[in-house]
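# Commentary on secondary and tertiary structure
Here's the letter readout for the chains.
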Amino acid sequence: MTSVDHRSAEEIGRTATGPRPVPELGAQKAAADLSHVDTVLSNGLRLLAVRKPTVPLVELRLRIPFGGTAPLHAATAEVLAETMLTGTARRDRIEIDTELALIGGELDTVVDPERLTISGNGLATGLPTLLDVLADALTAASYVDDEVARESARLVERLAVSRTQPRVIAREALLRHVYGDHPATREVPQAADVEQVTPEAVRALHTAAVLPRGSVLVIVGDIDPERIAADVERVLGGWSSDASAVVMPGLPEVTGGDLLLVPRAGAVQSQIRLIAQSLPRTDPRYPALQLANMTYGGYFSSRLVENIREDKGYTYSAHSGFEFTGTTATVGVDADTANEVTAAALLETRYELGRLAVVPPTAEEVESVRQYAVGSLLTATSSQAGLASQLAALTAAGLGVEWLAEHPERVAAVTVEEVAEAALDFFAPARFTGVVVGDAATLAPQLTALGGVTVGEPGK
């Protein structure tokens, strides 16, 4: 083919009678039936094993409820998560890393106020090794003094850096504004608290709180679900207790009200964070609310993004979305802006909330977000890792594979009228509260003139 034969993209997209029509989107198909087992083992551990043999790998997610109200709980839990895989009675850190490397695998541990999560993956043929290392850590993690001291020192350094980040500051300010001193606000422990944590305290917390009863293990991959239940029962049989894992106390309901301006002297940018009570996934109205949220700010072509990003250029990123904690849910809105446009951005953010409530989504908008909602769910769960993470999140509400498989049909059945009702009931501006974090000397005059904003005290 010569250069004369090449056509540009514009030429390919046109015919003698004009532009080629864009094909209509095809109907979204639900994921294929997933062979699975959902059972509770003799030690009280819920096991959800799903066959997805797209590649010869396996993904593992273990979620342990890890609530606590003691003053040093958050700090001790963070140190525990950092040191749980540094050695056991049978293996030191190097032996753990070597055995996992031989199966192309890894294990990672993270903690938040609600749960301790252990995530892992590896070759499907190496699943017995992955489970054995996991069982070893669950039943015989050693928390050697030197390892605890070393990881605690590293954690203190990371916390010092983390607490200077605007998004971390805004997140903590928002949680404290709506939840006060509830344990949910302690997502990032204080460095001074971490320095007080002893190896004895970490070992005691492991004994008291790393428990199977009430926990959930999700395994997704090239496996036989029927056989895996017996394998897990055998390997994790030694992990047992008559007690149950500790569930974090329920969150108080979020009520609408004034936003709090949280002073951050000298900041050149501001963080806007709004929040309102929402519906859990188990509520029959959740699919309609999901589509209302996407219309407002849940994807790139949403009303909020079109307004304050594309049209006015107030922010690079604006977003709204759900957060699920136990059986409760909230919807949040966030945007970071330059100081000089913060008040204007907040005004438009509130305006779009009101507009969604009184000028409901059109049929065209609803169909667009419907396609996106179903398509993004199917895309997110198309990989083993994505499916495992999605199922692990669903198990917190007692859900599983059936809910995931049926959700596209629920979204498809939502009417325009139902979306409009959800928008009116849950996106009215009066339902929201929140914080604006930034330089109070610069922001306070315009924000207080705008109304619905109170100025907090520095350092509070």
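A quick note: this is a predicted structure, and the numbers were derived from the prediction, not measured.

It is worth spelling out the pairing of strand β10 (residues 269-277) at this point. When you tally the buried positions in β10, you get 8 out of 9 residues, the bulk of the element. In this structure, β10 lies alongside strand β13 (residues 433-438), joined through 5 bridges in antiparallel fashion. Each bridged residue has a counterpart across the sheet, and for Ile272 the counterpart in β13 is Val436.

With respect to topology, 6 strands assemble into an open sheet ordered β3-β4-β8-β5-β7-β6, the strand pairing being mixed. Looking at strand neighbours, the two that pair on one side only are β3 (36-40) and β6 (106-111), the edges of this open sheet. Adjacent strand axes in the sheet meet at a mean angle of 10°, parallel and antiparallel pairs treated alike. Where β6 meets strand β7 (residues 115-123), 6 bridges bridge the pair, whose relative direction is antiparallel. Within β7, the position partnered with Leu107 by the bridge is Gly120. In the packing of helix α4 (residues 127-140) onto the sheet, contacts are made with β5 (57-65), β6, β7 and β8 (216-221), and the angle to β5 comes to roughly 20°.

Looking now at the domain arrangement of the protein. Taken as a whole, the protein is organised into domain 1 (36-237) and domain 2 (259-455). On a C-alpha basis, the centres of domain 1 and domain 2 stand 30 Å from each other. Listed as interface residues are 29 residues of domain 1 and, on the opposing side, 35 residues of domain 2. A salt bridge links Asp336 to Arg167; the nearest nitrogen and oxygen atoms lie 3.2 Å apart. At the junction of domain 1 and domain 2, the tally comes to 14 residue pairs in polar contact (both at pLDDT 80 or more). The set of elements that each furnish at least two residues to the side of domain 1 that touches domain 2 consists of β4 (46-51), β5, α6 (166-179) and β8.

Further remarks concern the layout of surface pockets. The volume enclosed by the largest pocket comes to roughly 890 Å³. Together, 42 residues line the largest pocket, and Arg281, Tyr286, Phe322, Glu323 and Phe324 are the ones closest to its centre. Listing elements by their share of the lining of the largest pocket, those giving two or more residues are β7, α6, α10 (286-298), β11 (318-325), β12 (328-338), α13 (363-380), α14 (384-395) and α15 (401-413). A total of 7 residues in the lining of the largest pocket trace back to one element, the largest contributor, which is β11. Looking at the lining of the largest pocket residue by residue, the classes come out as 20 nonpolar, 14 polar and 8 charged.

Before going further, it helps to examine the UniProt feature "domain: Peptidase M16 N-terminal" (unreviewed entry) in the protein. UniProt annotation of "domain: Peptidase M16 N-terminal" (unreviewed entry) refers to residues 77-187 when read in the numbering used here. As annotated, residues 77-187 has a helix share of 57% and a strand share of 14%, and its two end C-alpha atoms lie 11 Å apart.

About the criteria used
- Residues numbered from 1 in each chain as written.
- Predicted model: local features only at pLDDT ≥ 70, side-chain atom pairs only at ≥ 80, totals over all residues.
- Heavy atoms only, no water.
- Buried < 20%, exposed > 50% of the residue type's maximum accessible area, 1.4 Å probe, protein only.
- Helix = DSSP H or I, 4+ residues; strand = E, 2+ residues; numbered from the N terminus.
- Pairing = 2+ DSSP bridges.
- Axes fitted to C-alpha atoms, helices over the stretch in contact; angles between N-to-C directions.
- Contact = heavy atoms within 4.5 Å.
- Domains from an automatic or database assignment.
- Salt bridge = Lys/Arg side-chain N within 4 Å of Asp/Glu carboxyl O.
- Polar contact = N/O pair within 3.5 Å; in protein donor to acceptor, adjacent residues only side chain to side chain.
- 1 Å grid on protein atoms, 1.4 Å probe; cavity = no way out; pocket = protein on both sides within 12 Å on 5 of 7 lines; lining within 4 Å.
- Points joined across faces, edges and corners; volume = space filled by probe spheres on them.
- Nonpolar A, V, L, I, M, F, W, Y, C, P; charged D, E, K, R; others polar.
- UniProt positions renumbered as here; feature names shortened; annotations may be inferred.

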